Amino acid sequence: MKIDNEVILNIAELAQLEVKDEMISQYADKMTAMLNLIEEMQSVNTDNIEPVSNPLDAVQTMREDKVTEKDLRDEYQAIAPEVDSGLYLVPRVVE
Amino acid sequence: MTDWHSKTIKEMSIDLAKGEYSSEELTRHFLKRIEQHEPNLNSFISTFPEQAISLAQQSDEKRREGNSEPLLGIPIAHKDIFCTKGQRTTAGSNMLDNFISPYDATVVENLKTAGTINMGKANMDEFAMGSSNEHSAYGNTRNPWDLARVPGGSSGGSAAAVAAGLCAAATGTDTGGSIRQPAAFCGVTGLKPTYGRISRYGIIAFASSLDQAGPITRTAEDAAIMLEAMAGYDPKDSTSINQPVPSYSAKINDSIEGLKVGICKEYFTDGLDRNIEAAIQDAVTELEKLGAVISEVSLPNTKHAVPAYYVIAPAECSANLSRYDGVRFGHRCEDPADISDLIKRSRSEGFGEEVKSRIMVGTFALSAGYYDAYYRKAQQIRRLIKNDFLDAFKEVDLILGPTTPSPAFKIGEKSNDPVSMYLEDIYTISVNLAGLPAISLPAGMAQGLPVGMQLIGSHHSEAQLLNAAHQFQQQTDWHLKSPGLANAGTTEGKPL
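Residues numbered from 1 in each chain as written. Chains lettered and ligands numbered in written order. Predicted model: local features only at pLDDT ≥ 70, side-chain atom pairs only at ≥ 80, totals over all residues.

A few words on the overall build of chain B. Scanning chain B for helices and strands turns up 15 helices and 11 strands. Taking 23 Å as the expected radius of gyration for a compact globule of 496 residues, we find that chain B reaches 21 Å, a close match to that expectation. Overall, chain B is about 65 × 55 × 50 Å in size when its C-alpha atoms are taken along their principal axes. (Helix = DSSP H or I, 4+ residues; strand = E, 2+ residues; numbered from the N terminus. Rg over C-alpha atoms; globule rule 2.2 N^0.38 Å.)

Here we take up the overall build of chain A. Within chain A, the regular secondary structure consists of 3 helices and 2 strands. Taken from the N to the C terminus, the helices and strands of chain A come in the order α-α-α-β-β. Oriented by its inertia axes, the alpha-carbon framework of chain A measures out at about 55 × 45 × 25 Å. For chain A, with 95 residues in total, the buried portion stands at 16%. (Buried ≥ 20, exposed ≤ 12 C-beta atoms within 10 Å, placed from the backbone.)

Residues and elements named next belong to chain B. Under the domain assignment used here, chain B contains domain 1 (4-265 + 393-480) and domain 2 (303-379). Spacing between the C-alpha centres of domain 1 and domain 2 amounts to 27 Å. Opposite the 27 residues of domain 1 that make contact, domain 2 presents 21 residues. Element by element, the count of residues in the side of domain 1 that touches domain 2 is highest for helix 14 (residues 429-434), at 3 residues. Its residues assigned to classes, the side of domain 1 that touches domain 2 shows 15 nonpolar, 9 polar and 3 charged. (Domains from an automatic or database assignment. Contact = placed C-beta atoms within 7 Å. Nonpolar A, V, L, I, M, F, W, Y, C, P; charged D, E, K, R; others polar.)

Residues and elements named next belong to chain B. Summary statistics for chain B give a mean pLDDT of 95 and a share of 97% for residues scoring 70 or more. In this model residues 486-496 is a low-confidence stretch, pLDDT under 50, and it forms 26 contacts with partners more than four residues away in sequence or in other chains. Confidence metrics for the complex model read pTM 0.96 and ipTM 0.95. (pLDDT = per-residue confidence, 0-100.)

Another aspect to go through is the nonpolar core. Residue and element names in this part refer to chain B. Counting residues in each nonpolar core, the largest one holds 158 residues, and the members touching the most others are Ile76, Ala161, Cys167, Val311, Leu398 and Leu455. Of all the elements, helix 9 (residues 305-320) adds the most residues to this core, at 10 residues. In this structure Cys167 touches Phe30, Pro75, Ile76, Ala77, Met119, Ala161 and Val162, once residues within four positions along its chain are discounted. (Core = buried A, V, L, I, M, F, W, Y, C linked by C-beta atoms within 7 Å.)

Interfaces are often sized by the accessible area lost when the parts come together. Taken together, the 40 residues of chain A in the interface contact 56 residues of chain B. When residues of the side of chain A that touches chain B are traced back to their parent elements, those giving at least two are helix 1 (5-14), helix 2 (21-39) and helix 3 (73-77) of chain A. Take the side of chain A that touches chain B: its biggest share by element is 7 residues, from helix 2 of chain A. Partitioning the side of chain A that touches chain B into residue classes produces 28 nonpolar, 6 polar and 6 charged.

Two numbers describe a pair of packed helices, the interaxial angle and the distance between the axes. Running from N to C, helix 2 of chain A and helix 11 (residues 353-366) of chain B cross one another at 60°; their axes reach a closest spacing of 10 Å. Between helix 2 of chain A and helix 11 of chain B, the angle is such that the two are oblique. Regarding helix 2 of chain A and helix 11 of chain B, the two cross each other, and that crossing is right-handed. Where helix 2 of chain A abuts helix 11 of chain B, its residues Tyr27, Lys30, Met31 and Met34 of chain A lie against Ser357, Met360 and Val361 of chain B. For the contact of helix 2 of chain A with helix 11 of chain B, the residue count by class is 5 nonpolar, 1 polar and 1 charged. (Axes fitted to C-alpha atoms, helices over the stretch in contact; angles between N-to-C directions. Parallel < 35°, antiparallel > 145°, perpendicular 65-115°, else oblique. Left-handed = near helix turned anticlockwise from the far one by under 90°.)

On to unusual backbone geometry, then. Residues and elements named next belong to chain B. In this structure, the amide linkage connecting Gly153 to the following residue, Ser154, adopts the cis form with an omega of 10°. Following the sequence through the fold, Ser154 ends up in the loop between strand 3 (117-122) and helix 5 (156-163). Phi is positive for Phe127, close to 50°, though the residue is something other than glycine. The residue Phe127 is located in the loop between strand 3 and helix 5 in this model. By the C-beta count within 10 Å, which is 31 here, Phe127 ends up buried. Positive phi values are uncommon outside glycine, yet His460 reaches one of about 65°. Summarising the element assignment, His460 is placed in the loop between strand 11 (449-457) and helix 15 (462-475).

Below, the discussion takes up the pairing of strand 3 of chain B. Residues and elements named next belong to chain B. Where burial is concerned, most of strand 3 is hidden: 6 out of the 6 residues are buried. Relative to strand 3, strand 1 (residues 44-47) runs antiparallel, the two being bridged by 3 bridges. By the bridge assignment, Phe44 is partnered in strand 3 with Ala122. Considered for its hand, the β-α-β crossover made up of strand 2 (residues 75-79), helix 4 (residues 106-113) and strand 3 is right-handed. (Pairing = 2+ DSSP bridges. Right-handed = clockwise from strand over helix to strand, strands pointing away.)

Attention now goes to the sheet that holds strand 6 (residues 212-217) of chain B. Residues and elements named next belong to chain B. The mixed open sheet is built from 11 strands, whose spatial order is 1-3-2-4-6-5-10-11-9-7-8. The open sheet terminates on both sides in strands that have one partner only, identified here as strand 1 and strand 8 (293-297). Across the sheet, the mean angle from the axis of one strand to that of its neighbour is 30°, orientation sign disregarded. Pairing analysis gives 5 bridges linking strand 4 (residues 169-174) to strand 6, with the strands arranged antiparallel. Within the sheet, the bridge partner assigned to Asp174 lies in strand 6 and is Gln212.

Further remarks concern helix 7 (residues 220-230) of chain B. With 11 of its 11 residues buried, helix 7 of chain B lies for the most part within the structure. Count one or two residues on from helix 7 of chain B and you reach Gly232 of chain B, which has phi positive near 140°.

Quick look at helix 4 of chain B now. Buried within helix 4 of chain B we find Thr106, Val107, Val108, Asn110 and Leu111 of chain B. Downstream of helix 4 of chain B by one or two residues, Gly115 of chain B has phi in the positive range, about 105°.

So, in structure tokens, the structure goes:
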């Protein structure tokens, strides 16, 4: 499969990454090489094969719905780029 | 100059108990070696000399009070992917250059409780994505056996530091071979346990269904000691195995007479270096002398492991790394124009090229219209690979093969050809896909570089793996070889 520039720009948008114009074709080449490697999978017959999501086929474990952790908001916000009154700040979203 | 750094944890523990030297003296010895060799190796991203000495003094005090835990006062390093409270934890990325972890990973806490001294945070490929340490934002670690070569990756700093005698042991993580491959390249022992055996809580996530922590040590016996402290059920990790941790050291001296070892025929193909093949054949002979019964096994879907992995791992990484948005922690770009600019530019500036490529591939594989053809297909192939192993383990106890197809390659040799780098992981990746435990141990030399032999066990068989590995190390002395350190300070391409 050949990845073209349009696909790259679309994936970059989905991945929330900025791809500079001069890098687009480089990404396209690299992704084409990776997809050629991956493409080999299509030769394998996987009819009626159950996919593995957990290697031990374990199911999601649940815990009791009980508060176990203390409130560490101040500690966690101490490493944030910008906070005010317990809130994370970002550029204005709504005018 | 003493040779304390070439001792095993087991030996250091005995010496400390006898009072041959104190943990403070041992720690100062390692710190001196770090000072001496780090300029050549670059195996650490951060070191904590003052804190290490203070912890060592506390452990000496505990010993005087009668404490004799096997890891008390032993200096180790943590791969910089493990969160350590109050210390910078970068995952080898500019994204987390300013990240001071507000909590300890469970592994860090467990090893702290066991009495280890944390000397520093080991260098690694960014977010554990790489097989050479060339993808670290902090410069690549060099292989102590040949400074022009890579130490392997992604736990390359951990393996190089142990091999060079800068710490007694180190933690690592293994998503597709990231403990075993650097252990093989650096001539040390590296164990990847069964998926879920060690808690992933506080380990910066790469691919959650594959990631597993483990120890890098000089010997299998030391790996057993480390694993006993690291492993255990953790309610904070929903994939943690809720089973008691056996005493891995207890059975390590058992005879392996009658142990059924399968040689995987698919591992001995054209891509395998002839010297590595010869070393592995010699290792098989040694195991036979110990009473192991050798037979051939087949894992027919081996060739599909790399393609399936390079869908699953990027897909999971693209989801896991979506949390880095410049809002709550990590890198934030200067003067964002709006929220979209903030997120995109923070991510684009913070992540390195390899990480961005993998996020892109993963995003593509999970995007509308492609999920079934890529992600689901890869997860189905994963079942076929797992079934191959389950079938083989009906016939044999362990599977043996090389850890890597070639010895450590030169820095820069494969950096322009990612696919050829990915193929380096051919023997290790299928183990992660199946969630199995495996160990790499030194088993010879090829062109003056260490050769790693991999033993793979069935789920939860760490005790048996460590027993076989320890018995092999009683019979051979490859694990005792260390890079020549007499010429410290020499230039690229020469041994240290």
